Amino acid sequence: MNKSDLVELKYLSEAEGGINVWSLTDIVNASVASNDRLGITGILFFDHGYFGQILEGDRSAVEETWSRIQNDTRHHNVELLGITEIQERRFPKWSMKLFDAKEFSEAFPQFAEQVNRMDDPYAEILRMMKQLWQKV
């Protein structure tokens, strides 16, 4: 793989009603299996009914995964924040790691202040996630 073939994709979306711990577990388990097979790593953030995800891997595998994500009925208002070429993976140990706000703050203390502000009313949560995801 050429270094230019390694990309990172970031997106945000809003969960459909009915997402619970069991459905999140199903999402993570399916993602781990698929991502292992495709050589994709990354993180999934879920809090207050919103998803934020960063995927990294070979461009064709990431784009294939992105196509499936866009058609997933468990969320809507899917917004691509960008696909960028990267030199190395930031999450090489995780084929998919799920975080909520508290866990994310603990794992990435440099973002704790921003994450803590996400307790604002729901209308502000997506705006805050966009700002956070642009800095991660």
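In what follows, the accompanying structure is described. Source: prediction; values computed, not measured.

Here's the deal with the nonpolar core
- In this structure, Leu-9, Ile-40, Leu-44, Phe-51, Leu-55 and Val-62 are the most contacted members of the largest nonpolar core, which totals 18 residues.
- When residues of this core are traced back to their parent elements, those giving at least two are β1 (6–15), α1 (21–38), β2 (41–47), β3 (50–58) and α2 (59–70).
- When sequence neighbours within four positions are dropped, the list of residues in contact with Leu-55 reads Val-7, Glu-8, Leu-9, Asn-35, Ile-40, Thr-41, Val-62, Thr-65, Ile-69 and Met-96.

Concerning α1
- The end-to-end C-alpha separation of α1 is 25 Å, in line with the 26 Å expected for 18 residues at 1.5 Å each.
- Taken together, the buried positions of α1 are Ser-23, Leu-24, Ile-27, Val-28, Ser-31, Ser-34, Asn-35 and Leu-38. One side of α1 holds all its buried residues, which, seen down the axis, span an arc of 145°. In this structure, α1 carries Val-21, Trp-22, Asp-26, Asp-36 and Arg-37 as exposed residues pointing more than 90 degrees from its buried face.

A closer look at the pairing of β2
- The buried fraction of β2 is high, at 7 of 7 residues.
- Bridge analysis of β2 against β3 gives 7 bridges, and the strand direction is antiparallel. Looking across to β3, one finds that Leu-44 is bridged to Gln-53.
- Where β2 folds back onto β3 in an antiparallel hairpin, the turn is made up of 2 residues, including His-48, whose phi is positive at roughly 50°.

Some details on the pattern of salt bridges
- Using the criterion set out here, one finds 6 salt bridges in the structure.
- Measuring nitrogen to oxygen at the nearest pair gives 3.9 Å for the salt bridge that ties Lys-10 to Glu-8.
- Its relative accessible area of 6% is what places Glu-8 among the buried residues.
- Across the pair Arg-59 and Glu-85 runs a salt bridge whose closest N-O atoms are separated by 3.4 Å. With a gap of 26 residues between them, Arg-59 in helix α2 and Glu-85 in strand β4 (residues 75–85) connect regions that are remote in the sequence.
- Residues joined by salt bridges that share partners form a network here, namely Glu-8, Lys-10 and Arg-90.

Some points on the pairing of β1
- Counting buried positions along β1 gives 9 out of 10 residues, so the element sits mostly inside the fold.
- Note: β1 against β3, 9 bridges, orientation antiparallel. Bridge pairing in β3 links Leu-6 to Asp-58.
- The pairing of β1 with β4 spans 8 bridges and is classified as antiparallel. What sits directly across from Tyr-11, in β4, is Leu-80.

Some remarks on the packing of α1 against α2
- Two numbers describe how α1 lies on α2: the axes approach to 10 Å, and their chain directions differ by 155°. In terms of orientation, α1 lies roughly antiparallel with respect to α2. As α1 packs across α2, the resulting crossing turns out to be right-handed. In contact with Ser-34, Asn-35 and Leu-38 of α1, α2 contributes Ala-61, Glu-64, Thr-65 and Arg-68.

Quick notes on the rules
- Residue positions are given per chain, counting from 1 as you read along its sequence in written order.
- For a predicted model such as this one, the threshold for reporting local features is a pLDDT of at least 70, and the threshold for listing and counting side-chain atom pairs is 80 or more; totals across whole chains, interfaces and linings nevertheless cover every residue.
- Side-chain calculation: all heavy atoms of the structure are included, whereas hydrogens and water are not.
- We call a set of buried Ala, Val, Leu, Ile, Met, Phe, Trp, Tyr and Cys residues a nonpolar core when their side-chain atoms join them within 4.5 Å.
- Burial classes: relative accessible area under 20% of the type maximum marks a residue as buried, over 50% as exposed, and values in between as partly exposed (1.4 Å probe, protein chains only).
- Secondary structure is summarised from DSSP: a helix means a run of H or I of at least four residues, a strand means a run of E of at least two, and numbering begins at the N terminus for each.
- Between two residues, a contact is recorded if the distance between any of their heavy atoms is within 4.5 Å.
- Expected span, for any helix, means 1.5 Å times one less than how many residues it has.
- Arc, as used here, means the arc of the directions from the helix axis to the C-beta atoms.
- At least two bridges found by DSSP between two strands are what make those strands a pair.
- Put simply, a salt bridge is a Lys or Arg side-chain nitrogen that is within 4 Å of an Asp or Glu carboxyl oxygen.
- To obtain an axis, a line is fitted to C-alpha atoms, over the contacting stretch when the element is a helix, and the angle between two such axes runs from 0 to 180 degrees between their N-to-C directions.
- Put simply, angles under 35 degrees are roughly parallel, angles over 145 are roughly antiparallel, angles from 65 to 115 are roughly perpendicular, and the rest are oblique.
- It is the rotation of the near helix from the far one that decides the hand of a crossing: anticlockwise by less than a right angle makes it left-handed, clockwise makes it right-handed.

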